[in-house]
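Next come the chains, spelled out residue by residue.
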Amino acid sequence: MAFDLPTLPYPKNALEPHISERTLTFHHEKHHQAYLTNLNNLIQGTELEKESLEEIIQATANKTEKVGIFNNAAQVWNHTFYWHSLTPKGGGEPKGSLGKKILQDFGNLEEFTKSFKQAGVSQFGSGWAWLVLDKDGTLKVTKTPNADLPLVHGQKALLTCDVWEHAYYLDYQNRRPDYLDIFLKNLANWDFAQDNFEEAMPS
Ligand code: MN3
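What follows concerns the overall build of the protein chain. Secondary structure assignment for the protein chain yields eight helices and three strands. Relative to its length of 203 residues, the protein chain is compact, with a C-alpha radius of gyration of 17 Å against a globular reference of 17 Å. Classification of the 203 residues of the protein chain by burial places 47% in the buried group. Working note: accessible area of the protein chain is about 10100 Å², and carbon and sulfur atoms make up 52% of it. Side chains of the protein chain carry 19 positive and 26 negative charges; the gap between the two charge centres is 4 Å.

Take a look at the structure:
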(Lines give C-alpha, C1' and ligand atoms only; values in the text may rest on other atoms or scores of the structure.)
Protein backbone atom coordinates (compact mmCIF):
# COMPACT_ATOMS: atom_id res chain seq x y z
CA MET A 1 0.00 0.00 0.00
CA ALA A 2 1.53 3.29 -1.10
CA PHE A 3 1.77 6.32 1.17
CA ASP A 4 -0.05 9.54 0.18
CA LEU A 5 1.02 13.13 0.61
CA PRO A 6 -0.87 14.46 3.63
CA THR A 7 -2.70 17.74 3.13
CA LEU A 8 -1.40 20.71 5.08
CA PRO A 9 -3.39 21.55 8.24
CA TYR A 10 -3.81 25.19 6.98
CA PRO A 11 -3.93 27.02 3.61
CA LYS A 12 -0.57 27.54 1.89
CA ASN A 13 -0.64 31.30 2.56
CA ALA A 14 -1.69 30.96 6.21
CA LEU A 15 1.81 31.35 7.64
CA GLU A 16 2.58 34.60 5.81
CA PRO A 17 4.44 36.86 6.29
CA HIS A 18 6.65 34.49 8.31
CA ILE A 19 6.77 31.62 5.82
CA SER A 20 5.66 32.50 2.30
CA GLU A 21 3.17 30.61 0.17
CA ARG A 22 6.02 30.09 -2.30
CA THR A 23 8.20 28.37 0.32
CA LEU A 24 5.33 26.17 1.57
CA THR A 25 4.34 25.21 -1.97
CA PHE A 26 7.85 24.09 -2.92
CA HIS A 27 8.43 22.47 0.45
CA HIS A 28 5.19 20.49 0.48
CA GLU A 29 4.55 19.76 -3.22
CA LYS A 30 8.17 19.23 -4.30
CA HIS A 31 10.34 18.24 -1.32
CA HIS A 32 7.85 16.30 0.81
CA GLN A 33 6.35 14.76 -2.34
CA ALA A 34 9.80 13.65 -3.57
CA TYR A 35 10.51 11.80 -0.31
CA LEU A 36 7.12 10.09 -0.65
CA THR A 37 7.64 9.10 -4.26
CA ASN A 38 11.11 7.74 -3.46
CA LEU A 39 9.79 5.80 -0.46
CA ASN A 40 6.91 4.28 -2.40
CA ASN A 41 9.27 3.23 -5.20
CA LEU A 42 11.82 1.75 -2.77
CA ILE A 43 9.35 -0.36 -0.77
CA GLN A 44 7.23 -1.53 -3.70
CA GLY A 45 7.25 -5.32 -3.84
CA THR A 46 9.21 -5.69 -0.58
CA GLU A 47 8.04 -6.94 2.82
CA LEU A 48 8.09 -3.32 4.07
CA GLU A 49 5.14 -2.51 1.85
CA LYS A 50 2.64 -3.66 4.49
CA GLU A 51 4.29 -1.87 7.41
CA SER A 52 3.38 1.47 8.96
CA LEU A 53 5.70 4.44 8.42
CA GLU A 54 7.00 4.17 12.01
CA GLU A 55 7.66 0.44 11.56
CA ILE A 56 9.59 1.09 8.35
CA ILE A 57 11.69 3.74 10.10
CA GLN A 58 12.49 1.43 13.04
CA ALA A 59 13.21 -1.55 10.75
CA THR A 60 15.70 0.35 8.57
CA ALA A 61 17.44 2.59 11.14
CA ASN A 62 21.22 2.06 11.34
CA LYS A 63 21.19 -0.48 8.49
CA THR A 64 23.73 0.57 5.86
CA GLU A 65 22.03 -1.37 3.09
CA LYS A 66 18.63 0.20 3.92
CA VAL A 67 19.81 3.80 4.28
CA GLY A 68 17.86 5.01 1.22
CA ILE A 69 14.59 3.67 2.59
CA PHE A 70 15.34 5.04 6.06
CA ASN A 71 16.19 8.53 4.76
CA ASN A 72 13.02 8.83 2.70
CA ALA A 73 10.70 7.25 5.29
CA ALA A 74 12.11 9.42 8.07
CA GLN A 75 11.84 12.56 5.94
CA VAL A 76 8.20 11.74 5.17
CA TRP A 77 7.52 11.40 8.91
CA ASN A 78 9.56 14.50 9.83
CA HIS A 79 7.78 16.73 7.34
CA THR A 80 4.28 15.68 8.42
CA PHE A 81 5.35 16.35 12.01
CA TYR A 82 6.81 19.73 11.01
CA TRP A 83 3.60 20.90 9.26
CA HIS A 84 1.76 20.28 12.53
CA SER A 85 4.52 21.97 14.54
CA LEU A 86 3.61 25.20 12.72
CA THR A 87 0.41 27.21 13.11
CA PRO A 88 -0.75 30.71 12.18
CA LYS A 89 -0.65 32.84 15.36
CA GLY A 90 1.56 30.29 17.09
CA GLY A 91 4.66 30.81 19.17
CA GLY A 92 4.93 32.54 22.51
CA GLU A 93 4.30 30.82 25.78
CA PRO A 94 3.43 27.13 26.15
CA LYS A 95 0.49 26.53 28.50
CA GLY A 96 -0.89 23.54 30.37
CA SER A 97 1.10 20.62 31.74
CA LEU A 98 3.80 21.00 29.07
CA GLY A 99 4.28 24.66 29.96
CA LYS A 100 4.79 23.66 33.60
CA LYS A 101 7.19 20.87 32.65
CA ILE A 102 9.26 23.27 30.53
CA LEU A 103 9.65 25.60 33.52
CA GLN A 104 10.55 22.63 35.68
CA ASP A 105 13.14 21.11 33.33
CA PHE A 106 14.65 24.25 31.75
CA GLY A 107 14.31 26.63 34.72
CA ASN A 108 12.51 29.27 32.67
CA LEU A 109 11.09 29.80 29.19
CA GLU A 110 14.04 31.96 28.06
CA GLU A 111 16.40 29.06 28.74
CA PHE A 112 14.28 26.75 26.57
CA THR A 113 14.04 29.37 23.80
CA LYS A 114 17.80 29.99 23.84
CA SER A 115 18.53 26.30 23.79
CA PHE A 116 16.12 25.52 20.92
CA LYS A 117 17.46 28.37 18.80
CA GLN A 118 21.03 27.32 19.54
CA ALA A 119 20.27 23.72 18.50
CA GLY A 120 18.85 24.89 15.16
CA VAL A 121 21.60 27.40 14.47
CA SER A 122 24.42 25.00 15.38
CA GLN A 123 23.14 22.03 13.35
CA PHE A 124 25.91 21.93 10.73
CA GLY A 125 24.38 21.46 7.28
CA SER A 126 20.88 20.00 7.02
CA GLY A 127 18.75 18.71 9.86
CA TRP A 128 16.17 19.35 12.53
CA ALA A 129 15.80 21.02 15.95
CA TRP A 130 13.50 19.21 18.40
CA LEU A 131 11.80 19.42 21.76
CA VAL A 132 11.63 15.82 22.99
CA LEU A 133 10.59 13.87 26.04
CA ASP A 134 13.61 11.71 26.81
CA LYS A 135 13.66 8.14 28.15
CA ASP A 136 14.40 9.43 31.67
CA GLY A 137 11.18 11.48 31.68
CA THR A 138 12.82 14.88 31.21
CA LEU A 139 12.34 17.34 28.39
CA LYS A 140 15.34 17.95 26.19
CA VAL A 141 16.22 20.10 23.22
CA THR A 142 18.10 18.13 20.58
CA LYS A 143 19.29 18.49 17.01
CA THR A 144 19.54 15.73 14.41
CA PRO A 145 21.38 15.70 11.07
CA ASN A 146 19.69 15.01 7.72
CA ALA A 147 16.73 12.62 8.25
CA ASP A 148 17.62 11.42 11.76
CA LEU A 149 14.77 11.67 14.30
CA PRO A 150 13.93 11.16 18.01
CA LEU A 151 11.93 7.96 17.38
CA VAL A 152 15.11 5.93 16.75
CA HIS A 153 16.75 7.33 19.90
CA GLY A 154 13.95 6.20 22.22
CA GLN A 155 12.65 9.74 22.55
CA LYS A 156 9.14 11.11 22.05
CA ALA A 157 9.08 14.07 19.64
CA LEU A 158 6.96 16.99 20.86
CA LEU A 159 7.84 19.81 18.43
CA THR A 160 10.26 20.33 15.54
CA CYS A 161 11.72 22.98 13.28
CA ASP A 162 13.11 22.00 9.88
CA VAL A 163 16.51 23.67 9.42
CA TRP A 164 17.26 22.31 5.95
CA GLU A 165 17.93 25.33 3.72
CA HIS A 166 14.86 24.54 1.57
CA ALA A 167 12.68 25.33 4.62
CA TYR A 168 13.74 28.99 4.82
CA TYR A 169 16.06 30.03 1.99
CA LEU A 170 13.46 31.74 -0.25
CA ASP A 171 12.28 33.85 2.71
CA TYR A 172 15.40 34.27 4.86
CA GLN A 173 18.34 33.34 2.58
CA ASN A 174 21.31 32.66 4.89
CA ARG A 175 19.60 34.06 8.01
CA ARG A 176 18.76 30.77 9.75
CA PRO A 177 18.85 32.46 13.21
CA ASP A 178 16.07 34.87 12.12
CA TYR A 179 13.94 31.96 10.87
CA LEU A 180 14.36 30.19 14.22
CA ASP A 181 13.45 33.39 16.12
CA ILE A 182 10.28 33.71 14.03
CA PHE A 183 9.45 30.03 14.53
CA LEU A 184 9.60 30.43 18.31
CA LYS A 185 7.89 33.82 18.39
CA ASN A 186 5.14 33.40 15.79
CA LEU A 187 4.73 29.85 14.51
CA ALA A 188 5.44 27.11 17.08
CA ASN A 189 2.26 25.07 17.63
CA TRP A 190 2.17 24.59 21.41
CA ASP A 191 -1.25 22.88 21.29
CA PHE A 192 0.26 20.18 19.07
CA ALA A 193 3.26 19.84 21.40
CA GLN A 194 0.88 19.58 24.39
CA ASP A 195 -1.09 16.79 22.66
CA ASN A 196 2.14 14.88 22.01
CA PHE A 197 3.22 15.40 25.61
CA GLU A 198 -0.11 14.11 26.96
CA GLU A 199 0.14 11.06 24.69
CA ALA A 200 3.39 10.14 26.46
CA MET A 201 2.44 11.42 29.94
CA PRO A 202 -1.32 11.21 30.48
CA SER A 203 -2.32 13.52 33.36
MN1 MN3 B 1 12.15 20.08 4.65
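Attention shifts here to the coordination of the manganese ion. His27 (NE2), His79 (NE2), Asp162 (OD) and His166 (NE2) make up the full set of protein donors to the manganese ion, lying at 2.0 to 2.2 Å. The class of His27 is buried, set by a relative accessible area of 1%. Under the relative-accessibility criterion, Asp162 is labelled buried at 0%.

Let us now look at unusual backbone geometry. A cis amide bond links Glu16 to the next residue, Pro17, at an omega of 5°. Examined against the element boundaries, Pro17 turns out to sit in the segment before helix H1 (21–43). A positive phi angle is found at Asn62, which is not glycine, with a value near 60°. One non-glycine residue with positive phi stands out, namely Gln173, at about 50°.

Turning next to the side chain of Asn196. Checked against the element boundaries, Asn196 lands in helix H8 (residues 190–200). With a relative accessible area of 7%, Asn196 lands in the buried category. Residues within four places of Asn196 in sequence aside, it is in contact with Phe81, Lys156, Ala157 and Leu158.

What follows is about the domain arrangement of the protein chain. Along its sequence, the protein chain is carved into domain 1 (21–85) and domain 2 (96–200). On a C-alpha basis, the centres of domain 1 and domain 2 stand 20 Å from each other. Carbon and sulfur atoms supply 66% of the area that domain 1 and domain 2 bury against each other, a total of about 1900 Å² over both sides. Our enumeration of links across domain 1 and domain 2 arrives at zero salt bridges.

Moving on to helix H4 (residues 96–106). Listed in full, the buried residues belonging to H4 are Leu98, Gly99, Lys101, Ile102 and Phe106. For H4, the angular spread of buried residues about the axis comes to 165°, placing them on one side. In H4, the exposed positions that point more than 90 degrees away from the buried face belong to Lys100 and Gln104. Looking at the buried residues of H4, the elements they touch are helix H5 (109–122), strand S1 (127–133), strand S2 (139–145), strand S3 (156–162) and H8. At the exit of H4 stands Gly107, carrying a positive phi of roughly 95°.

Moving on to the packing of helix H2 (residues 53–60) against helix H3 (residues 67–85). How two helices pack is summed up by the angle between their axes together with the distance between the axes. As a packed pair, H2 and H3 sit with axes 9 Å apart at the nearest point and diverge in direction by 140°. Considering the relative orientation of H2 and H3, their crossing is left-handed. Contacts between H2 and H3 pair Leu53, Glu54, Ile56, Ile57 and Thr60 from the former with Ile69, Phe70, Ala73, Ala74, Val76 and Trp77 from the latter. A breakdown of the residues in the contact of H2 with H3 according to their chemical character gives nine nonpolar, one polar and one charged.

Procedures and definitions
In this numbering scheme, every chain counts its residues from 1 along its sequence in written order. The model is predicted, so local features are restricted to residues of pLDDT at least 70 and side-chain atom pairs to those at 80 or more, both for listing and for counting; the totals for chains, interfaces and linings are taken over all residues. Processing note: side-chain calculations cover all non-hydrogen atoms of the structure and skip hydrogens and water entirely. In DSSP terms, a helix is any run of H or I states spanning at least four residues, a strand is any run of E spanning at least two, and both are numbered starting from the N terminus. Atoms counted for the radius of gyration: C-alpha only. Globule rule: 2.2 Å times the number of residues to the power 0.38. Each residue is assigned to one of three classes by its accessible area relative to the maximum for its type, calculated with a 1.4 Å probe on protein chains only: buried under 20%, partly exposed between the two thresholds, exposed over 50%. Accessible surface is estimated by sampling points in the Shrake-Rupley manner with a 1.4 Å probe; for residues, cover comes only from the protein chains shown. None of His or the chain ends enter the tally, which takes Lys and Arg as positive and Asp and Glu as negative. Positions of charges follow a simple convention, taking NZ of Lys, CZ of Arg, CG of Asp or CD of Glu. Each metal's donors are the N, O and S atoms found within 2.8 Å of it, except that Na, K and Ca use a 3.2 Å limit; water is left out, so coordination can look incomplete. Here, residues are in contact when the closest pair of their heavy atoms is within 4.5 Å. What counts as a domain boundary in this text is fixed by an automatic or database domain assignment. A quick way to say it: buried area is the sum, across both parts, of accessible area lost when two parts are put together, with a 1.4 Å probe. A pair is scored as a salt bridge if a Lys or Arg side-chain nitrogen falls within 4 Å of a carboxyl oxygen belonging to Asp or Glu. Directions from the helix axis toward the C-beta atoms define the arc. The axes used here are C-alpha line fits, helices contributing only the stretch in contact, and every angle between their N-to-C directions lies in the interval 0 to 180 degrees. In this scheme, a crossing is called left-handed if the near helix is turned counterclockwise away from the far one by less than a right angle; it is called right-handed if the turn is clockwise. Put simply, Ala, Val, Leu, Ile, Met, Phe, Trp, Tyr, Cys and Pro go in the nonpolar bin, Asp, Glu, Lys and Arg in the charged bin, and everything else, Gly too, in the polar bin.

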